[in-house]
Amino acid sequence: MKLCQNEFKAMNHPLRRFSQRRIEYPLFKRMGLAGSCMRILEIGCGSGYGAGLMRDLKPTRYVGVDIMPEQIALAKRRGLPNCDFRVLDATDLCCFEDGSFDVIVIFGILHHIPTWRRVLAEARRLLVPGGRMFLEEPDGRVISAWDKIFKWGHPVKGFILPELEGEVERVGLRIKQKKKIAGFGVYSLQRGP
Ligand SMILES: C[S@@+](CC[C@H](N)C(=O)[O-])C[C@H]1O[C@@H](n2cnc3c(N)ncnc32)[C@H](O)[C@@H]1O
């Protein structure tokens, strides 16, 4: 689902950038997001800030997908070399073959997608066996509280984190590590054989 105007502004605010740069990305790295020569897919890449952060990984391929043309336009405007930004719906990534990526990264988008389970299944399909995924999502109760205050109107009232964890395992992504911070779940996952 596209973001409402207020959330679009909030997601592109310096405070959001600070959190992504100083808290979320370092946490992913401490959980094992490392190495080079990887093919990385970022699902829900927004305006491409995460792509800029991940340049230090020196990926051989980086693809960022987002459903909002406005976000992808901002991402392209960053002029990041070797970054391929595309307007795509995360629930249907059939333009990519099975096992196309070594790493998948999600900075908080599943709570925007009523059929979020489908995205997890797609992620599993797109990873090579043994491939890694780094996922960060807020608990549904955080979303409900935000919606009361900010009126962002998320279509999914959210899942509680245990529900997300159950689904992750069900589709075949093993939870290697998890951390809960201020109502957010941060996960390091691995695709089984
Ligand atoms: C909360 S924002 C996070 C954006 C970015 N990852 C960040 O951390 O700033 C959620 C993003 O998911 C995107 N999105 C929502 N539904 C989507 C879908 N079905 N497929 C792809 N992207 C989607 C939105 O356009 C938005 O950019």
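Above this note sits the structure.
Since the structure is predicted, the reported quantities are computational estimates derived from the model, not experimental observations. (Residues numbered from 1 in each chain as written. Predicted model: local features only at pLDDT ≥ 70, side-chain atom pairs only at ≥ 80, totals over all residues. Heavy atoms only, no water.)

## As for the overall build of the protein
Item 1. What the protein contains, in helices and strands, is 7 helices and 7 strands.
Item 2. Reading the secondary structure of the protein in the N-to-C direction produces α-α-β-α-β-α-β-β-α-β-α-α-β-β.
Item 3. Its C-alpha atoms give the protein a radius of gyration of 15 Å, within 12% of the compact-globule value 16 Å for 193 residues.
Item 4. With the principal axes as the frame, the protein shows a C-alpha extent of 40 × 40 × 30 Å.
Item 5. Sorting the 193 residues of the protein into buried and exposed places 51% on the buried side. (Helix = DSSP H or I, 4+ residues; strand = E, 2+ residues; numbered from the N terminus. Rg over C-alpha atoms; globule rule 2.2 N^0.38 Å. Buried < 20%, exposed > 50% of the residue type's maximum accessible area, 1.4 Å probe, protein only.)

## Points about the packing of aromatic side chains
Item 1. A complete count under the given rule lists 6 aromatic pairs for this structure.
Item 2. When the ring of Phe-96 is compared with that of Phe-101, the centres are 5.3 Å apart and the planes differ by 80 degrees; the resulting orientation is edge-to-face.
Item 3. Given the relative accessible area of 0%, Phe-101 is considered buried.
Item 4. Arranged with centres 4.5 Å apart and planes meeting at 55 degrees, the rings of Trp-116 and Phe-159 form a pair that is tilted. In this pair, Trp-116 sits in helix H5 (residues 116–126) while Phe-159 sits in the loop between helix H6 (140–150) and helix H7 (161–171), placing the two residues 43 residues apart along the sequence. (Phe/Tyr/Trp six-rings, centres within 6.5 Å; stacked < 30°, edge-to-face > 60°.)

## A closer look at the nonpolar core
Item 1. Judged by nonpolar contacts, the single largest core of 31 residues is most densely connected at Leu-41, Ile-43, Met-133 and Leu-164.
Item 2. Where this core is concerned, the elements lending two or more residues are strand E1 (39–43), strand E2 (61–66), strand E4 (101–107), H5, strand E5 (127–138), H7, strand E6 (173–181) and strand E7 (184–191).
Item 3. Looking at this core, the element that brings in the most residues is H5, giving 5 residues.
Item 4. Among the nonpolar cores identified, the runner-up in size contains 23 residues, and Tyr-25, Leu-33, Met-54 and Phe-107 belong to it. (Core = buried A, V, L, I, M, F, W, Y, C linked by side-chain atoms within 4.5 Å.)

## Thoughts on the layout of surface pockets
Item 1. Its boundaries defined by the atoms lining it, the largest pocket holds a volume of some 890 Å³.
Item 2. If you trace the largest pocket, you find 45 residues lining it, with Met-11, Arg-16, Phe-107, Gly-108 and His-111 closest to the centre.
Item 3. Every element with two or more residues in the lining of the largest pocket is listed here: helix H1 (5–11), helix H2 (14–30), helix H3 (49–53), E2, E5 and E7.
Item 4. Looking at which element gives the most residues to the lining of the largest pocket, the answer is H2, with 8 residues. (1 Å grid on protein atoms, 1.4 Å probe; cavity = no way out; pocket = protein on both sides within 12 Å on 5 of 7 lines; lining within 4 Å. Points joined across faces, edges and corners; volume = space filled by probe spheres on them.)

## Re the environment of Phe-85
Item 1. With respect to the helices and strands, the residue Phe-85 is situated in strand E3 (residues 83–87).
Item 2. By relative accessible area, which is 6% here, Phe-85 ends up buried.
Item 3. If we ignore the near neighbours within four places in the chain, the residues touching Phe-85 are Cys-45, Gly-48, Ala-51, Tyr-62, Gly-64, Ile-72, Ala-75, Lys-76 and Leu-80. (Contact = heavy atoms within 4.5 Å.)

## Considerations on the state of the cysteines
Item 1. Inspection of the entire model under this criterion finds 0 disulfides.
Item 2. Not engaged in a disulfide, the cysteine Cys-4 finds its nearest cysteine sulfur in Cys-45; these two sulfurs lie 19 Å apart.
Item 3. Cys-45 forms no disulfide, and the closest cysteine sulfur to it belongs to Cys-83, at a distance of 9.4 Å. (Disulfide = S-S within 2.5 Å.)

## Here we look at the site of the ligand
Item 1. Within the structure, the ligand sits among 21 residues, and Met-1, Arg-16, Gly-44, Asp-66 and Ala-90 are positioned closest to it.
Item 2. The separation between an oxygen atom of the ligand and a polar side-chain atom of Arg-17 is 3.0 Å.
Item 3. A distance of 2.7 Å separates a nitrogen atom of the ligand from a polar atom in the backbone of Gly-44.
Item 4. Coverage of the ligand by the protein chains reaches 97% of its 580 Å² of free accessible surface.
Item 5. Sorting the residues of the shell around the ligand by element identifies H1 and H2 as the ones contributing at least two each.
Item 6. Sorting elements by how many residues they give to the shell around the ligand places H2 first, with 3 residues. (Near = heavy atom within 4 Å. Polar contact = N/O pair within 3.5 Å; in protein donor to acceptor, adjacent residues only side chain to side chain. Areas by Shrake-Rupley, 256 points an atom, 1.4 Å probe, with all protein chains shown as cover.)

## Thoughts on the side chain of Arg-17
Item 1. You can see Arg-17 is positioned in helix H2.
Item 2. Buried charged residue Arg-17 carries no salt bridge. Nearest counter-charge: Glu-24, at 7.8 Å.
Item 3. Polar side-chain contacts of Arg-17 include one of 3.1 Å to the backbone oxygen of Met-11. (Lys, Arg positive; Asp, Glu negative; His and termini not counted. Salt bridge = Lys/Arg side-chain N within 4 Å of Asp/Glu carboxyl O.)

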